[in-house]
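Architecture at a glance
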Amino acid sequence: MEEITNVMEYEEIARRKLPKMVFDYYASGAEDQWTLKENRCAFSRILFRPRILIDVSKIDTTTSVLGFKISMPIMIAPTAMQKMAHPEGEYATARAASAAGTIMTLSSWATSSVEEVASTGPGIRFFQLYVCKDRNVVAQLVRRAERAGFKAIALTVDTPRLGRREADIKNRFTLPPLLTLKNFEGLDLGKMDKADDSGLASYVAGQIDRTLSWKDVKWLQTITSLPILVKGVLTAEDARLAIQNGAAGIIVSNHGARQLDYVPATIMALEEVVKAAKGRVPVFLDGGVRRGTDVFKALALGASGIFIGRPVVFSLAAEGEAGVRKVLQMLRDEFELTMALNGCRSLREITRNHIVTDWDLPRPVARL
């Protein structure tokens, strides 16, 4: 196998290695998958304005997120059921994130529990939360995450219902035998025991509460002291409401283009949200990040950091923990190089003036 030189190359390896049902679950988006393509394409509509003749012999990529110091503004997004990609699943991802000195977000729908992930050793970890109809279950999950040393809750708010992912419908997607959604094991879930494992994913999807509203964001703050990141904001209006309702941060996300198709790419929605936040809370981005240049562009538009999702599961499928480590290292190296070539020595030196976007350019006027 020739050497892997960028993050994208893992996708093809994962496609070859994984069962079609599993690969399609990870890779696909909603309906026409327009937003899925756009999440990537939109980055190419942002160009650099590099500054030259600056001493870039020392580059500092470190930053802090909610007060936690990390090695780079590149973190791991929550992705469900990682043991479908590799037997070590979330354990491998947790170790890779810890080794890279960055944050991992564990999915509610993980195939390893919060306690199991905590047992892999030290590391800064966030817990992604889906609010189910039974608030007692939600409270139990949050308490367990707290006890296991997780440092924040990433509340997913773009999923009152699951998006229409046609590949999953065609493949009749189910959780492979012997895998379970570990965070829900042993919870007081009523019918859960009777749901066979194959129906588990659809069962839990059916447990998502469609009544979820801003009052629940307030309620969550009454049951936990952990900071709450609202994940799935795409507009200025919702950014303002998130802050009014006590969010500690905002994640600009379209759920990897798996929910509502024809929403903008997250990199296109980012600046609107950043402007609305007015520096009151940090704004993060996930969706479509595959290069260090993408990371720089997000930061230039005002993001405090980014999260990667699919690159994690694809590299996990290809090479396990070593694959995830390599993805984090490649992105870090590319980002550091992008900083140097743009004349930035630290994150605070990355400004809006380092980029020009499609929507900045004055349209040339035709001369008669």
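Residues numbered from 1 in each chain as written. Predicted model: local features only at pLDDT ≥ 70, side-chain atom pairs only at ≥ 80, totals over all residues. Heavy atoms only, no water.

1. A look at the packing of aromatic side chains
Under the criterion given, the structure shown has eight aromatic pairs. An angle of 25° between the planes, with centres 5.4 Å apart, marks the rings of Phe23 and Phe314 as stacked. Taken as a pair, Phe23 in helix 2 (residues 20–27) and Phe314 in helix 13 (residues 310–342) lie far apart in primary sequence, 291 residues in all. The same class applies to Phe23 as to Phe314, namely buried. Through successive ring pairs, a cluster of aromatic residues spans Tyr25, Tyr26 and Phe173. (Phe/Tyr/Trp six-rings, centres within 6.5 Å; stacked < 30°, edge-to-face > 60°. Helix = DSSP H or I, 4+ residues; strand = E, 2+ residues; numbered from the N terminus. Buried < 20%, exposed > 50% of the residue type's maximum accessible area, 1.4 Å probe, protein only.)

2. Quick word on the packing of helix 2 against helix 13
One way to put it is that helix 2 packs onto helix 13 with a least axis distance of 10 Å and a crossing angle of 155°. In this view, helix 2 runs roughly antiparallel relative to helix 13, as classed from their interaxial angle. Residue-level contacts link Phe23, Tyr26 and Ala27 of helix 2 to Arg310, Val313 and Phe314 of helix 13. Of the residues in the contact of helix 2 with helix 13, the class split is five nonpolar, no polar and one charged. (Axes fitted to C-alpha atoms, helices over the stretch in contact; angles between N-to-C directions. Parallel < 35°, antiparallel > 145°, perpendicular 65-115°, else oblique. Contact = heavy atoms within 4.5 Å. Nonpolar A, V, L, I, M, F, W, Y, C, P; charged D, E, K, R; others polar.)

3. Some remarks on the UniProt feature "active site" (unreviewed entry) in the chain
Under the feature "active site" (unreviewed entry), the UniProt entry names His255. Note on placement: His255 falls in the loop between strand 9 (249–252) and helix 11 (266–277). When residues no more than four places from it in sequence are discounted, the contact partners of His255 are Tyr130, Thr156, Asp158, Thr159 and Arg165. A polar contact is formed between the side chain of His255 and the side chain of Tyr130, at a distance of 3.3 Å. (UniProt positions renumbered as here; feature names shortened; annotations may be inferred. Polar contact = N/O pair within 3.5 Å; in protein donor to acceptor, adjacent residues only side chain to side chain.)

4. A word on the pattern of salt bridges
Evaluation of the coordinates by the stated rule reveals 19 salt bridges. Note that Arg95 and Glu321 form a salt bridge whose closest N and O atoms lie 2.8 Å from each other. Of the two residues, Arg95 sits in helix 4 (residues 89–100) while Glu321 sits in helix 13, which places them 226 residues apart along the sequence. Arg95 sits in the partly exposed class, given a relative accessible area of 27%. (Salt bridge = Lys/Arg side-chain N within 4 Å of Asp/Glu carboxyl O.)

5. Comments concerning the packing of helix 4 against helix 13
In contact at an axis separation of 10 Å, helix 4 and helix 13 are set at 15° when each is read in the N-to-C sense. When the interaxial angle is binned, helix 4 and helix 13 end up roughly parallel. The handedness of the crossing between helix 4 and helix 13 comes out as right-handed. Residues Gly89, Ala92, Thr93, Arg95, Ala96, Ala97, Ala99 and Ala100 of helix 4 pack against Val312, Leu316, Glu321, Val324, Arg325, Leu328 and Arg332 of helix 13. Looking at the contact of helix 4 with helix 13 residue by residue, the classes come out as nine nonpolar, two polar and four charged. (Left-handed = near helix turned anticlockwise from the far one by under 90°.)

6. Some remarks on the pairing of strand 8 (residues 228–233)
Here is the key point about a regular strand: its side chains alternate between the two faces of the sheet. Counting buried positions along strand 8 yields six of six residues, so the element is predominantly enclosed. Pairing geometry for strand 7 (residues 152–156) and strand 8, over four bridges, is parallel. Considered in strand 8, the bridge of Leu155 is made with Val230. With four bridges joining them, strand 8 and strand 9 adopt parallel strand pairing. (Pairing = 2+ DSSP bridges.)

7. Here's the deal with helix 12 (residues 292–300)
Extensive coverage of helix 12 is indicated by the burial of eight of its nine residues. What helix 12 keeps buried is the set Gly292, Asp294, Val295, Phe296, Lys297, Ala298, Leu299 and Ala300. Among the residues trailing helix 12, Gly302 stands out with phi positive, at a value near 110°.

8. Considerations on the pairing of strand 7
When you tally the buried positions in strand 7, you get five out of five residues, the bulk of the element. Residues Ala152, Ala154 and Thr156 of strand 7 are buried on one face, and the alternating residues Ile153 and Leu155, pointing to the opposite face, are buried as well. Where strand 6 (residues 125–129) and strand 7 come together, four bridges link them in parallel fashion. Within strand 7, the position partnered with Phe126 by the bridge is Ala152.

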